[in-house]
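Here is how the chains run, residue by residue.
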Amino acid sequence: MVDYEVTVHTGSLAYAGTENSIFITLLGQDGESKSTRLLNFKGLFAFVKESVSTFTVSCPVSIGELILIKLEKTYLFLEDDWFPAKVEVKSPEGHTYNFPIYRWITDSKVHCFREGTALRDFEDHSCAIQFRKQELEQQDKEYRWHVYARGIPDCMEAMCYSDLPPDVRFSFTKDIEFVYTLGTGLIHLKLDGLANSREKWPDIAAISVAMQGRSTHISDYVQQHWRDDDFFGYQYLNGVNPMLIKRCSALPDNFPVTDEMVFPGDQFSLADEMKKGNIFLCDYKPLDGVKANIIDEKQQYLMAPLVLLHKTPEDKLKPIAIQLKQTPAEDNPIFLPTDPEYDWLTAKIFVRSADFNEHQANSHLLRTHLLAEVFAVSLLRNLPMVHPLYKLLIPHTHDTLEINYMARHHLISDNGVFTKFAATGGEGLVTLLQRSLSSVTYTSLCIPEDIAERGLKDVPNFYYRDDGLKLWDIIYRFVQGVLGFYYKNDDEVQKDSELQKWISDIFEHGFLSKASSGIPQRFTKVEELVKFVTMVIFTCSAQHSAVNTGQYDYGGWMPNAPTTLYCPPPTKKGTTSQATMMDTLPDKGTTANGMSTLWLLSKPSSDDVPLGQYPGDHFSEKMPCELIKAFQGELQVLSARIKIRNLSLEVPYTYMDPEKIENSVTI
Ligand code: FE2
């Protein structure tokens, strides 16, 4: 007889342990062990949470190189779910095999787990091919595509919470915490008394009183500076929506701004300033004609503004003209900083409200949450656990399917907060998502190309770009190292049928087979694969952080980001006042609900995993493990540099500090 030493690590999630009986079968190149019950002196405590327990499995002779293990959980009275993290097996020859699992076992079926060495289908052991197929057939049943609405990316089919496979549900702790915070965000902010109020705010000072004790360092700054033109411009670079601004080399035909309007003292000319690259444009065209919400039977107002900005010799970015509707007309004036105070401020408020809605639908929901879900569902359906890309990407899908399920059921559902309190809630949101998807291109998802295309390479004080480009490079080098280790040439990429299915599903279900998006339909070269996977990790981590983490900082002070507006915009100059502005701003209930939602969405979760930290040992080979360490080292250096840079900034930019970025879209 020969003995195999089997060490079982049970995970650290809440309720990871089990009291059920566990059986294991070892399968090697030369044979198979008997199904053996794992019993040792610990008895029922062998598989408690975070336990490490060792057992012996005996075979008549060596079964050769180990390929997989089969685990079976049985019970007499009560089924008790189990979350094994990994199993290590020491063979009689002295070799240690690692079997990463990190999955729930919730039934009494036999579950197979492959040895940790990554393998593509064309190089897999012949005896393992059938298990590889079975695993994908099972995944195919569990993770099904679903059309949420025509013209937007498909999502995962889950009509109710129990449809979510256990592996993609939040840990128990977070589950409770999320429900708790959803229900009590208002209470936490002590705004529950206002939640149902339809009363208008009498003045800005009253909003300040409501904000007391509910601010962050940055929301305080926003409260003090929300009226300032240079802060209005600054937010296009380093606020929560740095995705819209573009350098402007020719005015759009529908935005007839003249030199007299914007440079009345003749100090500059638009043509010269455009030539020098000092003029920028923010065009909210996708909002044009989007049906604004009706809240409590009251029509809401949403504009599709055009904003022209000037980079001053002092390197400030200042708005110089705002047209609130797309079609120039007498009743659609071009507002200017020289206009009466409340005309200009009201125009800026309409822009900020448009920006809130554009940011939530396009920059945040579509370009990070919904795309991250597409990447994850395609991964789970098409790549077996033993595939190197599964190992690389699975940590970057953590909690994403569940948070998107929650968003669909609690934020944008008929009774959701977004539907009840945002101008684009309800039908408008779907229209906006459809239009936004039609403008998503592959290059716009890759920050180096996106920045170049928007003409923003040399704009001063642009920390989203500075930190984002560095992060992109660090992620790119890591991905290049890992994938380059497995894919030695383009031929290996082309013949990896599982990999090709992964990208073709993304093209079909995420980008609705639109070739003009530029999204690859298949990979032919290693470098194409490396770039795409870099984009996936960047989108799920850094980009989501950039558009998510600052939501309360920049939106907690409601006048800076009204979720909706209650009056139409002025059609004539000189008709606004403090009173009309207060009538236009959301009421107390909408403000309170908006604040509590943004607070919840900006709050780091208790089980967050920072970018580059991989608590699961999915890789067994030395090279990817060393590359992970190097990746972590580079992220640490960048984090330290960002912290030093931030010391000298009036408003620190922290959203792309690797320490603050999560591995995946989790909130
Ligand atoms: Fe988010």
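The coordinates are above.
Residues numbered from 1 in each chain as written. Predicted model: local features only at pLDDT ≥ 70, side-chain atom pairs only at ≥ 80, totals over all residues. Heavy atoms only, no water.

Draft legend 1. Main features of the overall build of the chain. A tally of helices and strands in the chain yields 22 helices and 18 strands. Taken against the 2.2 N^0.38 rule, which gives 26 Å for 667 residues, the C-alpha radius of gyration of the chain at 27 Å falls within 12% of a compact globule. Taking the principal axes of its C-alpha atoms as reference, the chain extends roughly 95 × 55 × 45 Å. In the chain, which comprises 667 residues, the proportion classed as buried is 60%. At a minimum sequence separation of 6, the contacts of the chain that also span at least 24 residues come to 75%. Put simply, the chain has 65 plus and 88 minus side-chain charges, and the middle of one group is 1 Å from the middle of the other. (Helix = DSSP H or I, 4+ residues; strand = E, 2+ residues; numbered from the N terminus. Rg over C-alpha atoms; globule rule 2.2 N^0.38 Å. Buried < 20%, exposed > 50% of the residue type's maximum accessible area, 1.4 Å probe, protein only. Contact = heavy atoms within 4.5 Å. Lys, Arg positive; Asp, Glu negative; His and termini not counted. Charge placed at Lys NZ, Arg CZ, Asp CG, Glu CD.)

Draft legend 2. Quick look at the side chain of Glu358. One can find Glu358 in helix H8 (residues 341-382). Here Glu358 occupies a buried position and makes no salt bridge, while the nearest side chain of opposite charge, Arg367, is found at 6.5 Å. The contacts of Glu358, once residues within four sequence positions are left out, are Asn241, Leu244, Tyr284, Leu287 and Ser363. (Salt bridge = Lys/Arg side-chain N within 4 Å of Asp/Glu carboxyl O.)

Draft legend 3. View of the coordination of the iron ion. Ligation of the iron ion by protein atoms is provided by His364 (NE2), His369 (NE2), His544 (NE2), Asn548 (OD1) and Ile667 (O), these donors lying 2.1 to 2.4 Å from the ion. On the primary sequence, the residues serving as donors to the iron ion are separated as H-x4-H-x174-H-x3-N-x118-I. One end of the pair, His369, is in helix H8; the other, Ile667, is in the segment after helix H22 (622-647), with 298 residues separating them in the sequence. (Donors = N, O, S within 2.8 Å, 3.2 Å for Na, K, Ca; no water.)

Draft legend 4. Geometry of the layout of surface pockets. Volume-wise, the second largest pocket comes out at about 520 Å³. With four residues, H8 is the largest single contributor of residues to the lining of the second largest pocket. Of the residues in the lining of the second largest pocket, the class split is six nonpolar, seven polar and eight charged. (1 Å grid on protein atoms, 1.4 Å probe; cavity = no way out; pocket = protein on both sides within 12 Å on 5 of 7 lines; lining within 4 Å. Points joined across faces, edges and corners; volume = space filled by probe spheres on them. Nonpolar A, V, L, I, M, F, W, Y, C, P; charged D, E, K, R; others polar.)

Draft legend 5. Region of the structure containing H8. Taking 1.5 Å per residue as the helical rise, H8 with its 42 residues ought to reach 62 Å, and the 58 Å between its terminal C-alpha atoms agrees with that figure. The sharpest bend along H8 reaches about 50° and sits at Leu365. Here H8 lies mainly inside the structure; 41 of its 42 residues are buried. (Expected span 1.5 Å × (residues − 1). Bend = angle between axes of the 7 residues up to and from the residue.)

Draft legend 6. Summary view of unusual backbone geometry. For Asp315, which is not glycine, the phi dihedral falls at a positive 65°. Along the chain, the position of Asp315 falls in the loop between strand E16 (306-311) and strand E17 (317-323). Under the relative-accessibility criterion, Asp315 is labelled partly exposed at 35%.

Draft legend 7. Region of interest: empty space enclosed by the protein. Applying the stated criterion to the full structure yields 10 cavities of 30 Å³ or more. The volume enclosed by the largest cavity comes to roughly 350 Å³. Along its surface, the largest cavity is lined by 26 residues, and Gln360, Leu411, Phe418, Thr597 and Leu601 are the ones closest to its centre. Secondary structure elements with two or more residues in the lining of the largest cavity: helix H2 (172-188), H8, helix H10 (400-411), helix H11 (417-421) and helix H21 (588-602). At six residues, H8 tops the list of elements feeding residues into the lining of the largest cavity. In terms of residue class, the lining of the largest cavity is made up of 18 nonpolar, eight polar and no charged.

Draft legend 8. Spatial organisation of the nonpolar core. Counting 186 residues, the largest nonpolar core has Leu26, Tyr236, Trp502, Phe532 and Val533 as its most contacted members. Of the residues forming this core, the biggest block, 21 residues, is contributed by H8. Each of domain 1 (2-115) and domain 2 (142-243 + 361-667) contributes no fewer than three residues to this core. Those residues in contact with Leu26 that lie beyond four places of it in its chain are Tyr4, Val6, Gly31, Glu32, Ser33, Val57, Ile63, Leu66, Leu68, Ile69 and Val89. Among the nonpolar cores identified, the runner-up in size contains 15 residues, and Met274, Ile279, Leu308 and Leu336 belong to it. (Core = buried A, V, L, I, M, F, W, Y, C linked by side-chain atoms within 4.5 Å. Domains from an automatic or database assignment.)

Shape is all these values report; function is a separate question.
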